[in-house]
Amino acid sequence: MSTTEYNKTMEKYLRVLRFTFGLALVIAVGSLNALFMTPKSEWFSSLSGMAVSGKLHSVIWLAIYILTAIHIGEASGSGPLKKCRPYLAGFITLGSAWCFVFFRLHNMIGGVCLLSVCALCAGVVFIQAARYTKITVYLSVPLFAWYLYLLFVNAYLVTCN
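Quick caveat, the model's predicted, so the values are computed rather than measured.

## Things to note about the confidence of the model for the protein
Residues of the protein with pLDDT of at least 70 account for 94%, and the chain-wide mean is 81. Highest mean pLDDT in the protein belongs to helix α5 (residues 108–130) (86); lowest belongs to helix α2 (residues 42–46) (77).

Dropping the structure here:
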């Protein structure tokens, strides 16, 4: 095996390893978030506003976790998306903080503030990705749209309650 072939093979393995790391990270974060969430609580049930099917939310969150894992995998390499690392860390961390603030502390305004920064971080990832590769742009669109949707739902809940 020549050096070039070896390098290409190793790059493929490293890419799979980076994606696996990203997937493990988002699964860990999702599990942590699940500890904070109590959607069947009296407080959550008493909120008036938009209602979305629990099954739909589960499917969307799964897709968002997979997209985030792909972004982490791409950003953890030596490519141009490494500039996105702080923003990816930002929306992962702030997303977890939102679960705690919204579901445990019942603070909707704090949740809106955290989701605003999450959406901003996701927007920066989208803009950075747009500069480099088409595939990451396509993968960034649902991520950015989901955080904007969550922001608007939370803002709506603040105005209704």
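We are not done yet, so read on.
## Looking at unusual backbone geometry
Of note in this structure, histidine 106 is not a glycine but carries a positive phi near 55 degrees. Examined against the element boundaries, histidine 106 turns out to sit in the loop between α4 (85–104) and α5. The partly exposed category is assigned to histidine 106, whose relative accessible area is 35%.

## Some remarks on the pattern of salt bridges
Pairs can form between side chains of opposite charge whenever their charged atoms are close. On inspection of all chains with the given rule, the structure shows one salt bridge. The partner of arginine 18 in a salt bridge is glutamate 11, and the shortest N-O contact between them spans 3.2 Å. For glutamate 11, a relative accessible area of 41% translates into the label partly exposed.

## Description of a positive patch on the surface
Side chains of Lys82, Lys83, Arg85 and Arg131 sit close together on the surface and give a patch of like positive charge. Of note, arginine 131 is situated in the loop between α5 and α6 (134–160).

## Overview of the side chain of threonine 68
Locating threonine 68 in the fold gives a position in helix α3 (residues 54–75). Judged by its relative accessible area of 3%, threonine 68 falls in the buried class. For threonine 68, the side chain forms a polar contact with the main-chain oxygen of isoleucine 64, separated by 2.8 Å. In contact with threonine 68, not counting residues within four places along its chain, are Val26, Phe91, Ile92 and Leu143.

Conventions we followed
Just so you know, the residues in each chain are numbered from 1, in the order the chain's sequence is written. Owing to the predicted nature of the model, reporting of local features is limited to residues with pLDDT of at least 70; listing and counting of side-chain atom pairs is limited to 80 or more, with chain, interface and lining totals taken over all residues. Remark: hydrogens and water are excluded; side-chain values derive from all non-hydrogen atoms of the structure. Every residue is assigned a pLDDT by the predictor, reflecting its confidence on a scale from 0 to 100. Only DSSP runs of H or I with at least four residues qualify as helices, and only runs of E with at least two residues qualify as strands; both kinds are numbered from the N terminus onward. Residue burial is assigned from relative accessible area. The probe radius is 1.4 Å, only protein chains are included, and a residue is buried under 20% of its type maximum, exposed over 50%, and partly exposed in between. One side-chain nitrogen of Lys or Arg within 4 Å of one carboxyl oxygen of Asp or Glu is enough to make a salt bridge. Here a patch means residues that are over 30% exposed by relative accessible area and free of salt bridges, tied together within 9 Å if like-charged and within 5 Å if nonpolar (Val, Leu, Ile, Met, Phe, Trp, Tyr). Only the protein chains shown count as cover for residues, and all accessible areas are computed by the Shrake-Rupley method using a 1.4 Å probe. Note that His is not counted, nor are the chain ends; the positive residues are Lys and Arg, and the negative ones are Asp and Glu. Working definition for charges: the position is that of NZ of Lys, CZ of Arg, CG of Asp or CD of Glu. Here a polar contact is recorded for every N or O atom pair within 3.5 Å, except that within protein the pair must consist of a potential hydrogen donor and a potential acceptor, and residues adjacent in sequence are included only if both atoms are side-chain atoms. The criterion used for residue contact is that any of the two residues' heavy atoms lie within 4.5 Å.

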